[in-house]
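# Reading the structure
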Amino acid sequence: MAETSVKAAVLLAAGHGVKAWPYNEVRNKCAFPVANTPAVRRLADALLDLGVERLVVVIGPGEASVRHALRGLGVTPKYIRQPEARGTAPAALAGLQALGDEDAWVIYGDTATAPENFAALKERFVAERPAAAALLATLGEEQGGDWICAGSTADGHLAGIEGHPRGGQFRLAGAFLFRSDSRACLEENPGLITRVPVGGMPPVEADLAASLQLLVDDGVPVAAVEAPGFFVDMDRPWHFLEATQRTLGDLSSRLEGDSIHPTAQVDDSAEIHGRLLLSEGSAIGKRVVVDGDLWLGPGASVTNGSILRGGASLGAGARIRDYALLGGGCAMGPHSLLGHGGEFDGVMLERAFLYHYCEISGVVGAAVDIGAATVCGTLRFDDAPQQSVIAGRRETPSTNDGSSYLGDYCRTGVNAILMPGVKVGAYSCVGPGVVLTEDLPGRTLIQVKQALETRPWGPERYGW
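Quick summary incoming for the structure in this document. (Residues numbered from 1 in each chain as written. Predicted model: local features only at pLDDT ≥ 70, side-chain atom pairs only at ≥ 80, totals over all residues. Heavy atoms only, no water.)

So, on to the overall build of the protein. A tally of helices and strands in the protein yields seven helices and 41 strands. The globule rule puts the C-alpha radius of gyration for 464 residues at 23 Å, and the 24 Å found for the protein is close to it. Here the C-alpha coordinates of the protein stretch approximately 100 × 60 × 40 Å along the principal axes. Split into buried and exposed, the 464 residues of the protein put 54% on the buried side. Relative to all contacts within the protein whose residues are 6 or more apart in sequence, the contacts with residues 24 or more apart total 49%. Total accessible area on the protein is roughly 20500 Å²; 51% of this is exposed by carbon and sulfur atoms. Averaged over its 39 positive side-chain charges, the protein has a centre that lies 5 Å from the centre of its 54 negative ones. (Helix = DSSP H or I, 4+ residues; strand = E, 2+ residues; numbered from the N terminus. Rg over C-alpha atoms; globule rule 2.2 N^0.38 Å. Buried < 20%, exposed > 50% of the residue type's maximum accessible area, 1.4 Å probe, protein only. Contact = heavy atoms within 4.5 Å. Areas by Shrake-Rupley, 256 points an atom, 1.4 Å probe, with all protein chains shown as cover. Lys, Arg positive; Asp, Glu negative; His and termini not counted. Charge placed at Lys NZ, Arg CZ, Asp CG, Glu CD.)

Written out as structure tokens, the structure reads:
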């Protein structure tokens, strides 16, 4: 009788994540919180729900953040350190070899995905037992040339892959299943994507996609499953925003009603238009307006006339107070603060503080201190598409193009202005009154140099 479950998995979390700067400076991007749970932890939990009992995690730069994210998991992961980032194929092969001779998942740890995507891939694999199976996602507004695209045959098999084509309907969606006897394709990887358009310049990197192409070239069927749910590859900073928005939307779609801990409090004057998921000691205070589903962690609170304009997740001890305004699809990390008259739309990590009269749209890293009246210019004056510099190349974000990005442990002075698309590196400071129009590297201070003029002045200037 055929095995009805796949009990082993490899999670890949070894990349440098340079395109996710500045958030790769203090962590591996796989450990970035999505709706207050690290991305790699969400993936691991989903795999355990599908029956996985043995987990290998391939780690590299920022490995401590990945280990921390998986602390307390239902199984004890085995960690394999990849000393040199040579590509996803050798990383996957190392993980599979550590598992031994059994069928296994291979999952990219920097993705956010709906649980039914994994379930659909597993169902197809268990039913047909192909050499391998790959999850495909429909290309949305992304630029087709930015991704490794995949073709699917009429009977649901992989027709082939192509690196950075000028068009494409599907892309590989970071989830694969390999039969135990099909690993030769990983060992024989050519070391780069050979299927590229004329004039294409693939990097010398052994991508797992090229191994799938070897199977196709040899006439070995590879099952191709179109993802029934959402999928986000967290490759650029704006993808962290998209992942949070899509995850919160997915979580909302599964809610059946309120879940309110006996010690949580909701003031009678609060205006609630959504479902409440309130943890121990959390509170919704007087004159608060909640327009969407709301998750409050232990001790989190929304008080004194604050307004939430859509679904949101607040981590343990996070606070919104004193007529502050939070946008929809937002997440605030543990012990963060959105204070008096502040407006925020995006993702804020743990212990970030927006005290007073700020207007910020984007991602705010851990322990960032935002000075009063700091503003992110969310729109260009000329209404042109906003570009952002990613690894030296200018790109136009497919979503959230009016956002700015403040790395971990940085700060701003009062009245700083961050223009759309600007990124601030970790441990940096944007001084008072600065209008920041370009990315600021990490560990850097930028200040306004003021020119002063002094001259006589008094009542005689007015004709006395």
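The amide bond that connects tryptophan 21 to the next residue, proline 22, takes the cis arrangement and shows omega of 15°. In this fold, proline 22 is placed in the loop between strand E1 (8–13) and strand E2 (33–34). For asparagine 400, which is not glycine, the phi dihedral falls at a positive 55°. With respect to the helices and strands, asparagine 400 occurs in the loop between strand E34 (393–395) and strand E35 (404–406). The phi dihedral of asparagine 415 falls on the positive side, at around 60°, and the residue is not glycine.

Tracing the sequence through the fold places arginine 236 in the loop between strand E13 (231–233) and helix H7 (237–253). A distance of 2.9 Å separates polar atoms of two side chains, one belonging to arginine 236 and the other to glutamate 395. (Polar contact = N/O pair within 3.5 Å; in protein donor to acceptor, adjacent residues only side chain to side chain.)

Our next topic: a negative patch on the surface. A cluster of like negative charges, contributed by Glu187, Glu188, Asp217 and Asp218, occupies part of the molecular surface. Turning to its location among the elements, aspartate 218 is positioned in the loop between helix H6 (208–217) and strand E12 (222–226). Look at aspartate 218 and you get exposed, because its relative accessible area is 61%. (Patch = residues over 30% accessible without salt bridge, like charges linked within 9 Å, V, L, I, M, F, W, Y side chains within 5 Å. Salt bridge = Lys/Arg side-chain N within 4 Å of Asp/Glu carboxyl O.)

In an α-helix there are 3.6 residues to a turn, and that puts residues three or four apart on one side. Here helix H1 (residues 39–49) has its buried residues at Ala39, Val40, Arg41, Leu43, Ala44, Ala46 and Leu47. Just downstream of H1 lies glycine 51, where phi reads positive at about 100°.

Let us now look at the nonpolar core. Membership of the largest hydrophobic core comes to 42 residues, with the highest contact counts inside it found for Leu294, Leu314, Ile320, Leu326, Leu354 and Val364. Among the elements of the structure, strand E17 (276–278), strand E20 (294–296), strand E23 (312–314), strand E26 (330–332), strand E28 (343–348) and strand E30 (359–364) are those that each provide at least two residues to this core. Apart from residues lying up to four places away in sequence, isoleucine 320 is in contact with Ser301, Val302, Thr303, Ser306, Leu308, Leu314, Leu326, Met332 and Leu338. Ranked by size, the runner-up nonpolar core spans 38 residues in total, among them Val10, Leu136, Phe176 and Val222. (Core = buried A, V, L, I, M, F, W, Y, C linked by side-chain atoms within 4.5 Å.)

Right, let's talk about the pattern of salt bridges for a bit. Counted according to the given criterion, the structure contains 24 salt bridges. Two residues, arginine 275 and aspartate 293, come together in a salt bridge whose shortest N-O distance is 2.9 Å. Taken together, the residues arginine 275 in the loop between strand E16 (271–272) and E17 and aspartate 293 in the loop between strand E19 (289–290) and E20 connect sequence positions 18 residues apart. Residue arginine 275 is classed as partly exposed on the basis of its relative accessible area of 26%.

The next point concerns the environment of leucine 294. With respect to the secondary-structure elements, leucine 294 resides in strand E20. Placed 22 residues apart in sequence, leucine 294 and isoleucine 272 show a C-alpha to C-alpha distance of 9.6 Å. Each residue touching leucine 294, except ones within four places of it in the same chain, is listed here: Arg275, Leu276, Leu277, Ile284, Val302, Leu308, Ala312 and Leu314.

Residue placement: valine 204 occurs in the loop between helix H5 (184–187) and H6. Sequence-wise, valine 204 and glycine 87 are 117 residues apart; in three dimensions their C-alpha atoms are separated by 8.8 Å.

Let's shift gears to the packing of aromatic side chains. When we look at a pair of aromatic rings, we describe it by the centre distance and by the angle of the planes. Applying the stated criterion to the full structure yields seven aromatic pairs. A ring pair is formed by tryptophan 105 and phenylalanine 118, whose centres lie 5.6 Å apart and whose planes are at 50°; its orientation type is tilted. Taken together, the residues span a long stretch of sequence, with tryptophan 105 in strand E6 (residues 104–108) and phenylalanine 118 in helix H4 (residues 115–128) at a distance of 13 residues. Accessibility expressed as a relative area gives 2% for phenylalanine 118, which makes it buried. By the ring-pair criterion, three or more aromatic residues cluster together here, those being Tyr23, Phe32 and Phe240. A cation over an aromatic ring shows up here: arginine 67 above the ring of tyrosine 79, its NZ or CZ 4.4 Å from the ring centre. (Phe/Tyr/Trp six-rings, centres within 6.5 Å; stacked < 30°, edge-to-face > 60°. Lys NZ or Arg CZ within 6 Å of the ring centre and 35° of its normal.)

Here the focus is the side chain of aspartate 103. On the secondary structure map, aspartate 103 appears in the loop between helix H3 (88–99) and E6. Engagement of the side chain of aspartate 103 in a polar contact is seen with the backbone nitrogen of serine 180, the distance being 2.9 Å. Here aspartate 103 is in contact with Val6, Ala8, Phe125, Arg129, Phe178, Arg179 and Ser180, once residues within four sequence places are set aside.

Looking now at a nonpolar patch on the surface. Taken together, Val26, Tyr409 and Tyr427 make up a surface patch of nonpolar side chains, about 260 Å² in accessible area. Residue placement: tyrosine 427 occurs in the loop between strand E38 (423–424) and strand E39 (429–430).

With that settled, the discussion passes to the state of the cysteines. Counting across every chain of the model gives zero disulfides. No disulfide involves cysteine 376; its nearest neighbouring cysteine sulfur is the one of cysteine 358, lying 12 Å away. (Disulfide = S-S within 2.5 Å.)

The next subject is the environment of leucine 186. Relative to the elements of secondary structure, leucine 186 occurs in helix H5. You can call leucine 186 buried: its relative accessible area is 4%. As a C-alpha pair, leucine 186 and arginine 166 span 20 residues in sequence and 27 Å in three-dimensional space. If we skip the residues at most four places from it in the chain, leucine 186 touches Ala89, Ala92, Leu93, Leu96, Phe178, Leu208 and Ser211.

Each regular strand displays side chains that alternate between the two surfaces of the sheet. Burial analysis of E30 places five of its six residues in the buried class, the great majority of the element. Note that E28 and E30 share six bridges and pair parallel. Each bridged residue has a counterpart across the sheet, and for phenylalanine 344 the counterpart in E30 is isoleucine 360. The pairing of E30 with E35 spans three bridges and is classified as parallel. Paired with valine 364 across the bridge in E35 is leucine 406. (Pairing = 2+ DSSP bridges.)

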